[in-house]
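Residue-level structural notes
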Amino acid sequence: MHPLPLYLGGEWRIGRGAPLETRNPHDNSLLAEVSTADTADVAEAVSCAERAMADPAWRNLLPHQRALYLQRIAALIERDAERLAQLQRQDNGKPIHETRALVASAIGTFRYFAAACETLGGEITPPRGDYLSMSVYEPLGPIAAITPWNSPIASEAQKIAPALAAGNAVIVKPSELTPLLALELAKLADEAGLPKGLLSVLPGTGAITGAALVAHPGIRKVTFTGGTVTGRAIGRVAADKLMPVSLELGGKSPNIVCADADLAQAINGVLFGIFSSQGQSCIAGSRIFVARAIYDRFVAELVRRTEALRIGNPADTATQIGPLISRDHRAKVQGYVKLAQEEGGRILCGGAVPDDAGLEAGNYFQPALIDGLTNSCRTAREEIFGPVGVLLPFDDEDDLIAQANDSVYGLACGIWTADYRRAWRIARAVDAGTVWINTYKLFSIATPFGGNKESGMGREKALDGLRAYMRQKSVYWDLSGRPLPWAN
Ligand code: NAD
């Protein structure tokens, strides 16, 4: 098998880094060998990006003309939607209904930023004399977009679309575990006629390809989604370069069930919040706070429903729980279940490798619920990034808010209650970038997304998500014709 080429400066070629393998989490079969970029490839991609941005064929395009490229890319993703969803299911292991939704989200993202790009204006600022003063937006320069493995195509679209809409070139470094969808996006951008050099896709490891991109002086912004440790390392390099950086990082989000909640809805929301995507989700509702008055009843039903979740091949449309991304990751998740026991927790269900026929070769793991821990235990504080929910009772609202906010993370929060005043009070008191009331994991591209505290810096999506790829220029324009006062 020859390694798949990477996409550098509008050309498909074999990268100079060591090839990497990508495997299907369902059975660990080899999907593809992919060539990777070394530091010389990174430098070349940055030069191509700079040239492409300086070329009048791109630089002089008006926003509505740039928008056409995004619309064409959206149409091509839509044409290939089922193929892309099936490929992502193989590369990442998410159930097919989830990968279809991620492809649909990528289409919507390109369309949204095409529309936003056409309609976003600059500002005329109030003058304090006989002049016109304006604030206009310009592209930042070549952007590095570094993405994780858990939501390929949606993550990449969320960075590529606004970066291009703002007039930048963008170099994508997808996760080494899931490089295939970013390469497919490059094929579609190529087919859409995007001028060469505006998009490069450079698979590789974080240590080599990612680090080289972040450090390169020609990269003017890094947009990163991934773990907090990596985000902090990128932030340090960005500080030295005085380069803007946007960081979408980890989480340990509270999902709160009040005593007056519609319990049927809340159970569905809690299950979906922690177990969809096998819990491999930055916004997973992994700390499940339940009012003590309903705790025993709620937990008994939640356990029953968790045990009934359908684990299986992600190709099967009935599957709810697919495999984890890798054997290494499964070992890490399982290590947390063991830690929970050492910390005094009770495993109420799951937490082991299933012995179902047909799943032996994959990275499957039974969804687990744990109680008997406190919010100060490591199991309740650290991001597990797997199907493991920690159940925590609370007594009253003050106790709840104190516990919910007692975390280094601040990404998301769910609240289940019938009392709109309580919902509002908790929503305002919780330190999180997104709050869902009587729902969970609901998203709109028109609404900003991002984290507080160690969950990140900056916001993606929405109009501010487009401005984040631009810098402002102030223009003062004299209308009086009078010389400045000190001139003779
Ligand atoms: P990760 O931090 O290990 O890797 C993310 C990306 O960074 C990969 O492409 C990796 O190769 C690259 N990378 C690693 N070291 C680097 C370095 N020194 N310089 C540059 N790039 C480097 O994260 P992961 O395991 O791929 O993803 C899981 C994490 O992502 C979880 O913590 C999850 O919460 C987070 N995440 C956050 C969001 C969000 O929007 N907040 C969304 C999805 C995932």
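Scroll up for the structure.
Quick notes on the rules
- Residues numbered from 1 in each chain as written.
- Predicted model: local features only at pLDDT ≥ 70, side-chain atom pairs only at ≥ 80, totals over all residues.
- Heavy atoms only, no water.
- Core = buried A, V, L, I, M, F, W, Y, C linked by side-chain atoms within 4.5 Å.
- Buried < 20%, exposed > 50% of the residue type's maximum accessible area, 1.4 Å probe, protein only.
- Helix = DSSP H or I, 4+ residues; strand = E, 2+ residues; numbered from the N terminus.
- Contact = heavy atoms within 4.5 Å.
- Phe/Tyr/Trp six-rings, centres within 6.5 Å; stacked < 30°, edge-to-face > 60°.
- Lys NZ or Arg CZ within 6 Å of the ring centre and 35° of its normal.
- 1 Å grid on protein atoms, 1.4 Å probe; cavity = no way out; pocket = protein on both sides within 12 Å on 5 of 7 lines; lining within 4 Å.
- Points joined across faces, edges and corners; volume = space filled by probe spheres on them.
- Nonpolar A, V, L, I, M, F, W, Y, C, P; charged D, E, K, R; others polar.
- Pairing = 2+ DSSP bridges.
- Right-handed = clockwise from strand over helix to strand, strands pointing away.
- Axes fitted to C-alpha atoms, helices over the stretch in contact; angles between N-to-C directions.
- Near = heavy atom within 4 Å.
- Polar contact = N/O pair within 3.5 Å; in protein donor to acceptor, adjacent residues only side chain to side chain.
- Areas by Shrake-Rupley, 256 points an atom, 1.4 Å probe, with all protein chains shown as cover.

**Description of the nonpolar core**
In globular proteins that are soluble, nonpolar side chains generally tend to be buried together. If you look at the biggest cluster of nonpolar residues, it comprises 87 residues, and the most contacted ones within it are Ile77, Phe110 and Val222. In terms of residues, this core owes the most to one element, helix H5 (residues 96-119), which gives 11 residues. Among all residues touching Ile77, those that are not within four sequence positions of it are Leu84, Val103, Ala106, Ile107, Phe110, Ile153, Leu185 and Leu188. One finds Val337, Phe365, Leu373 and Phe394 within the second-largest nonpolar core, a separate group that totals 60 residues.

**Observations regarding the packing of aromatic side chains**
Enumeration over the complete set of coordinates arrives at eight aromatic pairs. An angle of 50° between the planes, with centres 6.1 Å apart, marks the rings of Trp58 and Tyr69 as tilted. Here the residue Trp58 occupies a position in helix H2 (residues 56-59), and Tyr69 occupies one in helix H3 (residues 63-79), the gap between them amounting to 11 residues. Taking the relative accessible area as the measure of exposure, Trp58 reaches 2% and is therefore buried. Summarising the aromatic geometry, the rings of Trp149 and Phe385 are spaced 5.3 Å apart at their centres and angled 80° between planes, so their arrangement reads as edge-to-face. With Trp149 in the loop between strand S7 (143-146) and helix H6 (154-165) and Phe385 in the loop between helix H13 (378-381) and strand S16 (388-394), this pair connects stretches of sequence that are 236 residues apart. Judged by relative accessible area, which is 14%, Trp149 ranks as buried. Through a chain of ring-to-ring contacts, three or more aromatic side chains come together here, namely Trp436, Tyr440, Phe443 and Phe449. In this structure, Lys221 packs its charged tip against the face of Tyr469, placed 4.9 Å from the ring centre.

**Let's talk about the layout of surface pockets**
Size it by volume and the second largest pocket reaches roughly 420 Å³. The wall of the second largest pocket is formed by 20 residues, among which Pro63, Arg66, Tyr137, Glu138 and Met470 lie closest to the centre. Mapped onto the lining of the second largest pocket, the elements with two or more residues apiece are H2, H3 and strand S6 (131-139). The element contributing the most residues to the lining of the second largest pocket is S6, with four residues. Looking at the lining of the second largest pocket residue by residue, the classes come out as 14 nonpolar, three polar and three charged.

**A look at empty space enclosed by the protein**
Over the atoms a probe the size of a water molecule is rolled, and this reveals where empty space is left. Following the criterion strictly, the structure yields two cavities of 30 Å³ or more and no others. Quantified by volume, the largest cavity comes out at close to 60 Å³. Lining the largest cavity, in full, are Gly251, Lys252, Gly279, Ser281, Cys282, Ala284, Ser286, Glu383, Ile384, Phe385, Gly386 and Val388. Its residues assigned to classes, the lining of the largest cavity shows five nonpolar, five polar and two charged. If you add up the space inside the second largest cavity, you get close to 50 Å³. Forming the walls of the second largest cavity are 13 residues, and the residues nearest its centre are Pro254, Arg287, Tyr409, Gly410 and Leu411.

**Focus: the pairing of S7**
A regular strand carries its side chains on alternate faces of the sheet. Burial along S7 is two-sided: Ile143 and Ala145 and Ala144 and Ile146, pointing in opposite directions, are all buried. Bridge count for S7 against strand S8 (residues 170-173) is four bridges, and the pairing is parallel. Bridged to Ala145 within S8 is Val172. Remark: the S7/H6/S8 crossover connection has right-handed handedness.

**So, the sheet that holds strand S5 (residues 123-125)**
One open sheet holds the three strands; their spatial order is S5-S6-S22, and the pairing between them is antiparallel. Strand pairing shows two members of the sheet lacking a second neighbour, S5 and strand S22 (470-478), which therefore form its edges. Neighbour-to-neighbour, the strand axes of this sheet turn through a mean angle of 30°, independent of strand direction. Here S6 pairs with S22 via nine bridges, running antiparallel. Counterpart to Leu132 in the pairing with S22 is Trp477.

**Quick word on the site of the ligand**
As a matter of local geometry, the ligand sits amid 27 residues, with Lys173, Glu176, Thr230, Leu249 and Glu383 nearest to it. At 3.0 Å from an oxygen atom of the ligand is found a side-chain nitrogen or oxygen belonging to Trp149. Residue Glu383 places a side-chain N or O atom 2.5 Å away from an oxygen atom belonging to the ligand. Burial of the ligand by the protein chains amounts to 83% of its free accessible area of 860 Å².

**A look at the side chain of Asp371**
Along the chain, the position of Asp371 falls in strand S15 (residues 368-371). At 3.2 Å, the side chain of Asp371 forms a polar contact with the side chain of Tyr295. Excluding residues within four positions of it along the chain, Asp371 makes contact with Tyr295, Gly345, Arg346, Leu348 and Leu391.

**A closer look at the environment of Ile208**
By the element assignment, Ile208 lies in helix H8 (residues 206-215). When the C-alpha positions of Ile208 and Thr109 are compared, they lie 29 Å apart, and in sequence the two are 99 residues distant. The residues touching Ile208, leaving out its near neighbours within four places in the chain, are Ala37 and Asp38.

**With respect to the sheet that holds strand S19 (residues 434-437)**
An order of S14-S15-S16-S13-S12-S18-S19 is seen for the seven strands of this open sheet, with the pairing classed as mixed. Whereas interior strands pair on both sides, the edge strands pair on one side only; in this sheet they are strand S14 (346-349) and S19. Averaged over all adjacent pairs, the angle separating strand axes in this sheet is 25°, with direction ignored. Sheet analysis places strand S13 (residues 287-291) next to S16, joined by five bridges and oriented parallel. Residue Arg287 lies in a different strand from S16, and its bridge partner there is Val390. Packing of helix H10 (residues 263-275) onto the sheet brings it into contact with strand S12 (254-257), S13, S15, S16 and strand S18 (412-416), and relative to S12 it is tilted by some 170°. Most of the contacts of helix H11 (residues 295-307) go to S14, to which it runs at about 60°, and overall it touches S12, S13, S14, S15 and S16.

**Quick look at the pairing of S6**
Relative to S6, S5 runs antiparallel, the two sharing three bridges. If you follow Ile124 over to S6, its bridge partner there is Met134.

Read these as spatial facts, not as claims about activity.
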